[in-house]
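Reading the structure
The lines below spell out each chain.
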Amino acid sequence: MDLTPIIAQVWGTLGWFIPLMLLIGLVKSPWAKGHIGELLVRLFAHWQLDKQTYRRLHNVTLNTPDGTTQIDHVFLSPYGIFVLETKNMSGWIFGSEKQAQWTQKLYKRTFKFQNPLRQNYKHLKALEATLGVNPEHLHSVITFVGGSTFKTDVPANVTQGIGFIRYIKSFQQPVFSETQVDAMLHALQTGRRAPTLATHREHVQNLKRRSDPTAERQCPKCGSALLIRTVKSGAKAGQQFWGCSGFPKCRTVQNI
């Protein structure tokens, strides 16, 4: 019996089935979901925010005393600077403004992730240092895309879908002139790291280093080295912490 036609048919089926499965796996990966979420935000902003009023930059990497920080979206306008963090997540979301970690419940599985408001806070501080602006004119905005549902009360600046558009447009009091907006746009364009693969890789390495309790690190306030120190007295005697080598001029401490 000649099995050649059957083998050819099976091979032909696998020829499209295997690439399809690989594509589905790629789309479901965290990397792809993050990029898809950012692309959706770009499209929403393109359709709903006037580009002459809201000057936009995406994937902005800035230098910080402890490495780099990467910002999803920045919108510069006469009404303030809006710093947008995107989360492409599904399922139920639980969290409050002051919690260090939020919870995603997806069917019977539960996942923890960093409070996006805290994550975005570092972005705001980097922009404040780069642009030298009043922090009151910097606004943190979080948007969830991907069909998630908030199961707890969240602040007004934590939005879903195109909700971030309504939040941004709710600011109608001018605080910057057009000349100032243009100057800030130029400062960011020239002060950002080049949006290349090498920049992204370096940023990922910085994230890994910051999460490694044994890695060398710098003080986020003065840039001096942080050293591992030990509490000598009191209820926490014997516990270790990161302390600034510039002590007593700089009293920055971080938990290990």
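Under an unreviewed UniProt entry, the name given to the chain is Topoisomerase DNA binding C4 zinc finger, and the organism recorded is Pseudomonas pohangensis.

**With respect to helix 3 (residues 116-131)**
Residues that lie three or four places apart on an α-helix share one face, since the helix turns once every 3.6 residues. Here helix 3 contains 16 residues, and its C-alpha end-to-end distance of 22 Å stays within 8% of the 22 Å for a straight helix at 1.5 Å per residue. Looking at helix 3, one finds that the buried residues are Pro116, Leu117, Asn120, His123, Leu124, Ala126, Leu127 and Leu131. Of the residues flanking the start of helix 3, the one acting as N-cap is Asn115, its side-chain oxygen 2.8 Å from the backbone nitrogen of Leu117.

**Examining the side chain of Thr61**
Assignment of secondary structure puts Thr61 in strand 1 (residues 55-64). The contacts of Thr61, once residues within four sequence positions are left out, are Thr68, Thr69, Gln70, Arg192, Arg193 and Thr199.

**Overview of unusual backbone geometry**
A negative phi angle characterises most non-glycine residues, just as the trans form characterises most peptide bonds. Pro248 follows Phe247 through a cis peptide bond whose omega is 10 degrees. Along the chain, the position of Pro248 falls in the loop between strand 11 (240-244) and strand 12 (253-255). Of note, Tyr107 is a non-glycine position whose phi angle comes to about 60 degrees, a positive value. Looking at the secondary structure, you find Tyr107 in the loop between strand 5 (101-106) and strand 6 (109-114). Take Tyr107: its relative accessible area is 75%, and that puts it in the exposed class.

**Here's the deal with the packing of aromatic side chains**
Note on aromatic pairs: each is described by the distance of the centres and the angle between the planes. Overall, the coordinates contain seven aromatic pairs when judged by the stated rule. Summarising the aromatic geometry, the rings of Phe113 and Phe144 are spaced 6.5 Å apart at their centres and angled 65 degrees between planes, so their arrangement reads as edge-to-face. Here the residue Phe113 occupies a position in strand 6, and Phe144 occupies one in strand 7 (residues 138-145), the gap between them amounting to 31 residues. Judged on exposure class, the residue Phe113 and its partner Phe144 are both buried. Ring centres 5.3 Å apart and planes at 90 degrees place the aromatic pair Phe144 and Phe150 in the edge-to-face group. In this structure Phe150 comes out as buried when scored by relative accessible area, which is 19%. Cluster of aromatic residues (ring-pair linked, three or more members): Trp102, Phe113, Phe144 and Phe150. Here the basic side chain of Lys151 rests over the ring of Trp92, its NZ or CZ set 4.4 Å away from the ring centre.

**Let's talk about the sheet that holds strand 9 (residues 158-160)**
Taken together, five strands build an open sheet; the order of strands is 1-2-3-7-9 and the sheet is mixed. Strands with a single pairing partner mark the edges of an open sheet, and in this sheet they are strand 1 and strand 9. Averaged over all adjacent pairs, the angle separating strand axes in this sheet is 35 degrees, with direction ignored. The pairing of strand 2 (residues 67-77) with strand 3 (residues 80-88) spans five bridges and is antiparallel. Bridge assignment links Val74 to a residue of strand 3, and that residue is Val83.

**Overview of the sheet that holds strand 8 (residues 148-150)**
Pairing is mixed across the open sheet formed by four strands, whose spatial order is 6-5-4-8. Looking at the sheet topology across the chains shown, the edges are occupied by strand 6 and strand 8. Averaged over neighbouring strand pairs, the angle between their axes works out to 30 degrees when direction is ignored. In this structure, strand 4 (residues 91-94) lies alongside strand 8, joined through three bridges in parallel fashion. Its bridge partner lying in strand 8, Trp92 is registered against Thr149. Against the sheet, helix 3 touches strand 5 and strand 6, its axis set at about 25 degrees to strand 6.

What counts, and where the lines are drawn
- Here, residues in each chain are numbered from 1, in the same order as that chain's written sequence.
- pLDDT decides what is reported in this predicted model: residues at 70 or higher carry local features, side-chain atom pairs at 80 or more are listed and counted, and totals for whole chains, interfaces and linings draw on all residues regardless.
- The side-chain figures draw on all heavy atoms in the structure; neither hydrogens nor water molecules are used.
- Each helix is a run of H or I in the DSSP string that is no shorter than four residues. Each strand is a run of E no shorter than two, and both are numbered from the N terminus.
- What a helix should span is 1.5 Å times the count of its residues minus one.
- The rule is simple: take the accessible area with a 1.4 Å probe, protein chains only, and divide by the maximum for that residue type; under 20% is buried, over 50% is exposed, in between is partly exposed.
- Polar contacts, as counted here, are pairs of nitrogen or oxygen atoms within 3.5 Å of one another; within protein the pair requires one atom able to donate a hydrogen and one able to accept it, and residues that are adjacent in sequence qualify only if both atoms are side-chain atoms.
- Note on contacts: a residue pair is in contact if any heavy atoms of the two residues lie within 4.5 Å.
- In this scheme Phe, Tyr and Trp rings, the latter by its six-membered ring, pair at centre separations within 6.5 Å, and the angle between planes marks the pair as stacked below 30 degrees, edge-to-face above 60, and tilted otherwise.
- Criterion for a charge above a ring: Arg CZ or Lys NZ at most 6 Å from the ring centre, at most 35 degrees from the ring normal.
- Two strands form a pair only when DSSP identifies at least two bridges running between them.
- Helix axes are fitted to C-alpha atoms over the stretch in contact, other axes to C-alpha atoms as well, and angles between N-to-C directions run from 0 to 180 degrees.

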